[in-house]
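# Examination of the molecular architecture
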Amino acid sequence: GQATLDQAERSQSKAEKQLLLHQAKLYGQRIDGQLEKAWEEQRKERDMRWTQHQQQKQELRQKIKEESFAVVQRAEDQASASSRFAEAASGKLAAVEDTYLRNAEKASALNASTLKGKDFEATLQLLKNTVANAAVSLSCSGVTKTEKPIPARGSQYTGIGLAVDQVEELLQNRAFLRSHLREELEQQSRQQLRGCVERFILREGEQDSPEELPPCEQAASMASLLQMRQHRHLTDVMRRQFQDYLLALRLCSLAALWLLPSGVLPVSEDLPPLPRLESFDGTAGRCQGEAENDADAEGRFLYRTLCQQLLDRTLRILSDLQRDELLALKRANAAEQRLTLQQLCQLEPDQIEKAQQLDLKEFETQVTLRLLSDAERQINDEHKKQTCRVSQDVELQLVQYKREVQEAEQVIVQERHKWLTNRIVVLQSNGSGTVNPNDRPLLSRLRAELQACEVKMEVYKRDLAVVPAPEPCNEPRPRRHSDELASAQAPLAPLALWQRPHRGLRLCESPDFGRPREPRDHRDHRDHREWRPPLSQSTRMKGDIFGGYKEMSIPTQAEPLGSPPRHVKMSPGKRPKLPPVPLSAR
């Protein structure tokens, strides 16, 4: 079109110019018509796409709405079906639980007049008959009927064990009856649930179409119903256990009265107070202003002592028995849920897996606690053994070190004794035969110290006669790897001074006195029969000073072989007076 217009402008002829303009006009009209047609087609296509999008969007919204409504309806149907199943099953389980409660009450029923009696043997026999009759009525054949002897009246402490055995047997039979009733409760509950599931499936299948299966959502309802019933059962068991506790207290009180000797009656039949409430003077529990004579005090003391021992042993046994019963009940509850779901809800594997994990977790927890308890008990026993062994080793080493200290002290005392003797001899050896007045205080002090040394030497010699040996530990000594490698063990008690080797001496050889030394080489040719004990330095000094002062001037008593050393007393008070020493000999 633009080229035609340019050509019309350049044209010289008017007719040709008009023709070219008319052609350009027609061409523009034709182009405008084509554009209008293309725009109309595009607008129609856009409107069609928009309409289709809106339609798809509406259909999707309706589909989502229908699906959500179906989900809600299905959930409501399932909830309604679960509620209908729960109602039917709860009614059946309630009937079973009521039967269990009646049987449990019958099994644990106690006559008040029976417990008011004061005869231990008659009360115990009535309680045993009650348990036996309950076992017969409940068709329980596992109740033990051992003929254990009843302690004689007035046997006091010798009959405590027999009385505790009787009470333990009674408590075990009552616990066994409870476990028997629990097993029956589980079996009947499982049977009732099985019947409820079958009737519910048949009733729901008639309402639904034959091609569709009824919804299977009974596992959660069963688990919730069983858990609520198990919680109520646990509460009832703990209440029965508290009744057993009160029964044990009453039987212990009657047993204490039964074991008292004839003619001894307590002032009060109340149970003794707790140990932490008793005062140090033993006057706890006595009313103010209450006066009692010796017989009443003796009876009260004996009654309380018997009660404390009976309660200590009985309550420890009862605690272990009730703890085991509760642990077994928890295990049985987890196993009951697992068995019920496995038998009746195979179409719900998730719930079955959850019940299995719960049972396994309960079993793992109890086994772990039991093994840890056993390990802790073994560790405590081993700790006690090692503590006893360490105490024994410390005592042995302490005795050995004490002996060494005493030996060192004895050596020092002997040296001091010799020095004091020489010093006193020098002070007394003057020409006039009298002591210098200036030296008298010193001489008195030296004589007192010499006497103290002699006393210590006598005490040491007396202590050597009896060697204290530590008491051995009652626990067996465990064998260690170091004991297997060692060739010999240390002696249990240290050897005495004359039984030890001292600085090159042989065993049982005294360092100063006693057994004579054997010749060490060929140069020692002295006969043992001519051996004389060596004299001290002070004795040799006296011989040097006075001349003919022989070695045998101070006789010594012969000692047997291996005897402890005997020291010659050199007390100045018993020594004979010596003649004055001339000045030339000083």
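Quick look at the structure, then. (Residues numbered from 1 in each chain as written. Predicted model: local features only at pLDDT ≥ 70, side-chain atom pairs only at ≥ 80, totals over all residues. Heavy atoms only, no water.)

### A closer look at the overall build of the protein chain
For the record, the criterion: The helix count covers DSSP runs of H or I at least four residues long, the strand count covers runs of E at least two residues long, and both are numbered beginning at the N terminus. Burial here depends on accessible area, computed with a 1.4 Å probe over protein chains only, as a share of the maximum for the residue type. Under 20% is buried, over 50% is exposed, and the range in between is partly exposed.
Secondary structure assignment for the protein chain yields 11 helices and 0 strands. In the protein chain, the succession of α and β elements from N to C terminus is α-α-α-α-α-α-α-α-α-α-α. The buried share among the 586 residues of the protein chain stands at 30%.

### Quick look at the packing of helix α8 (residues 349–428) against helix α9 (residues 440–465)
Basically, it comes down to this: With axes taken as lines fitted to C-alpha atoms, and helix axes fitted only over the stretch in contact, angles between N-to-C directions fall between 0 and 180 degrees. Each crossing gets its hand from how the near helix is turned against the far one by less than a right angle, where anticlockwise is left-handed and clockwise is right-handed. Under this grouping Gly is polar, as are all residues other than the nonpolar Ala, Val, Leu, Ile, Met, Phe, Trp, Tyr, Cys and Pro and the charged Asp, Glu, Lys and Arg.
Where α8 contacts α9, the axes come no closer than 9 Å and their chain directions differ by 145 degrees. As α8 runs across α9, the sense of the crossing is left-handed. Tallied by class, residues from the contact of α8 with α9 come to 13 nonpolar, 6 polar and 10 charged.

### What about a nonpolar patch on the surface?
Our working rule: Like-charged residues within 9 Å of one another, or nonpolar side chains (Val, Leu, Ile, Met, Phe, Trp, Tyr) within 5 Å, are grouped into patches, provided each residue has over 30% relative accessible area and no salt bridge. Accessibility throughout is a Shrake-Rupley quantity obtained with a 1.4 Å probe, and a residue counts as covered only by protein chains that appear here. A side-chain nitrogen of Lys or Arg and a carboxyl oxygen of Asp or Glu constitute a salt bridge if their distance falls within 4 Å.
A surface patch of nonpolar side chains, about 290 Å² in accessible area, is lined by F242, Y245 and L246. Among the secondary structure elements, L246 is positioned in helix α6 (residues 218–259).

### Section: the packing of aromatic side chains
For the record, the criterion: Here a pair means two rings of Phe, Tyr or Trp (six-membered ring of Trp) with centres within 6.5 Å. Their orientation is stacked below 30 degrees between planes, edge-to-face above 60, and tilted elsewhere.
The full count for this structure, using the stated rule, is 2 aromatic pairs. Ring geometry for F85 and F200: centres 5.6 Å apart, planes at 65 degrees, overall edge-to-face. Here F85, found in helix α2 (residues 14–108), pairs with F200, found in helix α5 (residues 160–207); they are 115 residues apart in sequence, far enough to count as distant. Taken as a pair, F85 and F200 share a single burial class, namely buried.

### Describing the nonpolar core
Rules: Residues belong to one nonpolar core when they are buried, are Ala, Val, Leu, Ile, Met, Phe, Trp, Tyr or Cys, and are joined through side-chain atoms within 4.5 Å. Only heavy atoms enter the contact rule, under which two residues are in contact if any of them lie within 4.5 Å.
In this structure, F120, L170, L177, L306 and L310 are the most contacted members of the largest nonpolar core, which totals 43 residues. Those elements that place two or more of their residues in this core are α2, α4 (120–137), α5, α6 and α7 (294–344). Per-element accounting of this core gives the leading share, 12 residues, to α6. Residues contacting L177, with those up to four places away along its chain left out, are A107, V131, A134, A135, C140 and V143. With 17 residues, the next largest nonpolar core counts L193, C196, L344 and A355 among its residues.

### Digging into the environment of R338
Take R338: it is sitting in helix α7. With 13 residues separating them along the chain, R338 and Q351 place their C-alpha atoms 9.2 Å apart. Residues contacting R338, with those up to four places away along its chain left out, are A355, Q356 and D359.

### As for unusual backbone geometry
With phi around 60 degrees, S139 is a residue other than glycine that occupies positive phi space. Within the element layout of this structure, S139 appears in the loop between α4 and α5. The exposed category is assigned to S139, whose relative accessible area is 61%. In this structure, Q156 is a non-glycine residue whose phi angle is positive, near 55 degrees. Examined against the element boundaries, Q156 turns out to sit in the loop between α4 and α5. Exposure remark for Q156: the relative accessible area of 25% places this residue in the partly exposed category.

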